[in-house]
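# Working through the structure, step by step
Listed here are the chains, written in short residue letters.
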Amino acid sequence: LFAGRTEFLKGVVAMPGLPPADRIEVCFAGRSNVGKSTLINALTGHKALARASNTPGRTQEINFFTLQESHYLVDLPGYGFAKAPVAVVEKWQKLLKAYLSGRATLRRAFVLIDARHGVKSVDEEILTLLDKAAVPFQVVMTKADKVKAAELDKVLTQVRGKLQPHPAAYPELLVTSSDKGEGIEALRATIAGLD
Ligand code: GDP
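On a predicted model such as this, the values are computed, not experimentally measured, just so you know.

Let's shift gears to the overall build of the protein chain. Looking only at helices and strands, the protein chain features 5 helices and 7 strands. Secondary structure elements of the protein chain, listed N to C terminal, follow the sequence β-β-α-β-β-α-β-α-β-α-β-α. A compact globule built from 195 residues would reach a C-alpha radius of gyration of about 16 Å, and the protein chain, at 16 Å, matches this within 12%. Structurally, the protein chain occupies a C-alpha span of about 45 × 40 × 30 Å along its principal axes. Every one of the 195 residues in the protein chain was classed for burial, and the buried ones make up 35%. Considering only residue pairs separated by 6 or more positions, the protein chain has 78% of its internal contacts joining residues 24 or more positions apart.

Below is the structure:
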């Protein structure tokens, strides 16, 4: 699935712009700066596929990439900007809700959590949204190279606790480091195994 070239298809700002729901779809969500662009680049073997749409106030797009002819990989805008204007946040939340609850082919959402920080309240809002939309989701820990093993264990325990109230959560956490290449192959295999 990841052997071929991953192509950028389009950025979507409103529901009518979504491409036809005609293939298996996975999406990636996470707080801005969690390492989402870096992870998507590592996953697809590209240097700069996922453009960092990290500037507050900039158009919040849902970016669609194609994996072979069979899958969409969807990059959701980073959330949790301290400085984002309320109107921007509200528009984004509306689009996100519409996308998550209306996309029948969406098989799994990967929610990225920084291995240093664990689940924050802004992450929990997304988890609740995923529950409501009944989108199965799996947590991917990022930047594992930045923490020592004992610290990582503590954070993983925190994350597992935070996932407990969420019926849509997969209990298995994927631990990754885009810098070291850790966990990338496991994430690829997880995506390739969805049907
Ligand atoms: P995004 O806002 O979620 O797309 O985050 P980016 O992918 O732009 O990453 C934010 C920062 O974290 C950048 O400085 C990256 O170089 C750094 N980063 C991302 N992934 C890793 C990782 O696995 N290990 C380390 N040490 N740094 C990372």
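All right, on to the nonpolar core then. Soluble globular proteins: nonpolar side chains tend toward being buried together. Within the largest apolar cluster, 42 residues are counted, with the highest numbers of intra-cluster contacts made by Cys27, Phe28, Ala29, Val74, Val111 and Leu112. Per-element tally for this core: the top contributor is strand S5 (residues 106–114), with 6 residues. Every residue in contact with phenylalanine 28, bar those within four places of it in the chain, is listed here: Lys36, Ile40, Val74, Asp75, Leu76, Phe110 and Leu112.

In the vicinity of the ligand, 18 residues are found, and the nearest of them are Gly35, Lys36, Ser37, Thr38 and Asp179. Partitioned by chemical class, the residues of the shell around the ligand number 2 nonpolar, 11 polar and 5 charged.

Okay, unusual backbone geometry next. Positioned with a positive phi, alanine 134 is a non-glycine residue whose angle comes to about 55°. Summarising the element assignment, alanine 134 is placed in the loop between helix H3 (121–133) and strand S6 (137–142).

Another aspect to go through is the sheet that holds strand S2 (residues 24–30). Sheet architecture is open: 7 strands sit in the order S1-S3-S4-S2-S5-S6-S7, paired in mixed fashion. Each end of this open sheet is capped by a strand with a single partner; those strands are strand S1 (7–12) and strand S7 (174–175). Bridge count for strand S3 (residues 62–67) against strand S4 (residues 71–75) is 5 bridges, and the pairing is antiparallel. Note that in S4 the partner of phenylalanine 64 across the bridge is valine 74.

In terms of residue burial, S5 counts as a mostly covered element, since 7 of its 9 residues are buried. Strand direction decides the pairing type here: S2 and S5, joined by 6 bridges, are parallel. Following the sheet pairing, glutamate 25 is matched in S5 by leucine 106. Summarising the sheet, S5 and S6 pair through 6 bridges and their orientation is parallel. Bridging across to S6, isoleucine 113 finds its partner in methionine 141. Tracing the backbone out of S5, into H3 and back to the parallel element S6 gives a crossover that is right-handed.

Scoring rules and cut-offs
Residues numbered from 1 in each chain as written. Predicted model: local features only at pLDDT ≥ 70, side-chain atom pairs only at ≥ 80, totals over all residues. Helix = DSSP H or I, 4+ residues; strand = E, 2+ residues; numbered from the N terminus. Rg over C-alpha atoms; globule rule 2.2 N^0.38 Å. Buried ≥ 20, exposed ≤ 12 C-beta atoms within 10 Å, placed from the backbone. Contact = placed C-beta atoms within 7 Å. Core = buried A, V, L, I, M, F, W, Y, C linked by C-beta atoms within 7 Å. Near = placed C-beta within 6 Å. Nonpolar A, V, L, I, M, F, W, Y, C, P; charged D, E, K, R; others polar. Pairing = 2+ DSSP bridges. Right-handed = clockwise from strand over helix to strand, strands pointing away.

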